[in-house]
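# Residue-level structure breakdown
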Amino acid sequence: SSKWWGNKRLDYVLYCPEVLHSFPVRALPPLFHASFWESTDVVAFCGNRILKAFANSLDPDETPQNMASHLDPNWPHLQLFQHDIGFSYQNDELQNSVFMAPDEQLSQQPKEKWQKRRTMYKIKNLQPNHRGNDVLVVEDGPQKITAKFMYGPLDMTSLSGEKTDIHVMSGAGEWMYMGTEMTDGHGRLSFTIPEDKQLCQGIYPVRLVVRVDHTTADLFLAVLPPKTETVIFSIDGSFTASVSIMGKDPKVKPGAVDVVRRWQELGYMILYVTARPDMQHNKVVGWLAQHNFPHGMVAFMDGFSKDPLKQKFNYIKTLQKDLSLCAAYGSSKDINGYRELGLDKTKIFIVGKSSKKQQNLATVNAPYI
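The text that follows walks through the structure, step by step, so that each part is easy to find. (Residues numbered from 1 in each chain as written. Predicted model: local features only at pLDDT ≥ 70, side-chain atom pairs only at ≥ 80, totals over all residues. Heavy atoms only, no water.)

This paragraph deals with the overall build of the chain. Secondary structure assignment for the chain yields 14 helices and 15 strands. Burial statistics for the chain: of 369 residues in total, 44% are counted as buried. Contacts spanning at least 24 positions in sequence make up 64% of the contacts within the chain whose residues lie at least 6 apart. Summed over all atoms, the accessible surface of the chain reaches about 20300 Å², with 55% contributed by carbon and sulfur. (Helix = DSSP H or I, 4+ residues; strand = E, 2+ residues; numbered from the N terminus. Buried < 20%, exposed > 50% of the residue type's maximum accessible area, 1.4 Å probe, protein only. Contact = heavy atoms within 4.5 Å. Areas by Shrake-Rupley, 256 points an atom, 1.4 Å probe, with all protein chains shown as cover.)

Let us look at the sheet that holds strand S9 (residues 216–224). With respect to topology, five strands assemble into an open sheet ordered S1-S9-S8-S5-S6, the strand pairing being mixed. Strand pairing shows two members of the sheet lacking a second neighbour, strand S1 (135–138) and strand S6 (175–182), which therefore form its edges. Strand-to-strand twist in this sheet, taken as the mean axis angle between neighbours without regard to direction, amounts to 25°. Sheet topology places strand S8 (residues 202–210) next to S9; eight bridges connect them, and they run antiparallel. (Pairing = 2+ DSSP bridges. Axes fitted to C-alpha atoms, helices over the stretch in contact; angles between N-to-C directions.)

Moving on, we get to unusual backbone geometry. We note that Asp155 has phi near 55°; this positive angle belongs to a residue other than glycine. Looking at the secondary structure, you find Asp155 in the loop between strand S3 (150–151) and strand S4 (157–158). A relative accessible area of 17% places Asp155 in the buried class. With a phi angle near 65°, His214 is a residue other than glycine that sits in the positive phi range. Examined against the element boundaries, His214 turns out to sit in the loop between S8 and S9. On the basis of relative accessible area, His214 is assigned to the buried category, the value being 14%.

As a further point, take the environment of Ser354. Of note, Ser354 is situated in the loop between strand S14 (348–350) and helix H14 (356–359). As for Ser354 and Val364, which are separated by ten residues in sequence, their C-alpha atoms are 7.5 Å apart. Ignoring sequence-local partners within four residues, the contact set of Ser354 consists of Ser332, Gln359 and Val364.

This paragraph deals with the pattern of salt bridges. In the structure shown here, the tally under the stated rule is ten salt bridges. The shortest N-O distance in the salt bridge between Lys148 and Asp278 comes to 3.3 Å. Note that Lys148 is positioned in strand S2 (residues 144–148) and Asp278 in the loop between strand S11 (269–277) and helix H11 (281–290), a separation of 130 residues in sequence. Assigned by exposure class, Lys148 and Asp278 land together as buried. Its salt-bridge partner being Asp218, residue Arg207 comes within 2.7 Å of it at the nearest N-O pair. (Salt bridge = Lys/Arg side-chain N within 4 Å of Asp/Glu carboxyl O.)

For the rest of this paragraph, the subject is the sheet that holds S11. Strand order in the open sheet formed by six strands is S12-S11-S10-S13-S14-S15, with parallel pairing between adjacent strands. Each edge of the open sheet carries a strand with a single partner, namely strand S12 (297–301) and strand S15 (363–364). Across three bridges, strand S13 (residues 323–330) lies against S14 in parallel orientation. By the bridge assignment, Ala328 is partnered in S14 with Ile348. This element, helix H12 (residues 308–320), spans strand S10 (228–234), S11, S12 and S13 of the sheet and lies at about 150° to S11.

So this is what it looks like as structure tokens:
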């Protein structure tokens, strides 16, 4: 196991993404083992259960607060420990609601009425295709979250003019309510976290919950120090051995997962980018997870464009002022774009075929590690 996964692991949260429902059954046990059993959240859960069982075994007048506050001078430290593992004797029901996922909390409440009743009939037989690009921001800068709420595989209907709640998971595993925002006429949502609720450095899961039907969109918010060292991977150019990720299950290029995992172990931020339209977001992210690519920030392009490559590199340019690009992987089509970003030959790694001229501009088919 140590040789397979390496001696450094990054586990963030204990939850089950909806995309796992479509995975083959044989793929679920290793995913469960990798994501949950080796996670430190399991320790917190076990501690929670032990303390709760201990509390239930005491008489009402012999609660841990009554006993420890008089007998143990270190009781404040025990209270801090309880807070760290997500457990409180004083209001267990409240704590359970805090640690419950936002969509699970809403499932216990009645759904709100539609602001636009016509939309309810439009989406009746359509599956939600909500998504949002992961957000990278510098600490003390504006923390803006954007998402799109659509239904159907080809964005047949948008969720316009409906309330959506924004929740962020803290480092302690608590879901924090940030606010409510209305989607616009095209199903888009833009929300800036208030200054009094801004987050410190870290990577935070974000969940946006639609009040009328309790559907959700998930993304990550990374609050980074200036000039965070980052490695970019073009998904289609670096990973896939076939033309389209939307196919049955394209093969992964040999060594691709090991490359990304190696850069992650060295402490670099991983950024997955693609020129694909964002309507394929959930499908492609599920493909990355299915093939055990390590966690990284994911960026898709907004809608269709006449020049998707230009659109992709314009997006990277907007991040370049805050990030330090240390290496970039892609196909021969990405060479000119990476060079325009200021990367030299030693930082550009091209996978696949290339011309002799391009071999002087990048490192072509070099060993991954």
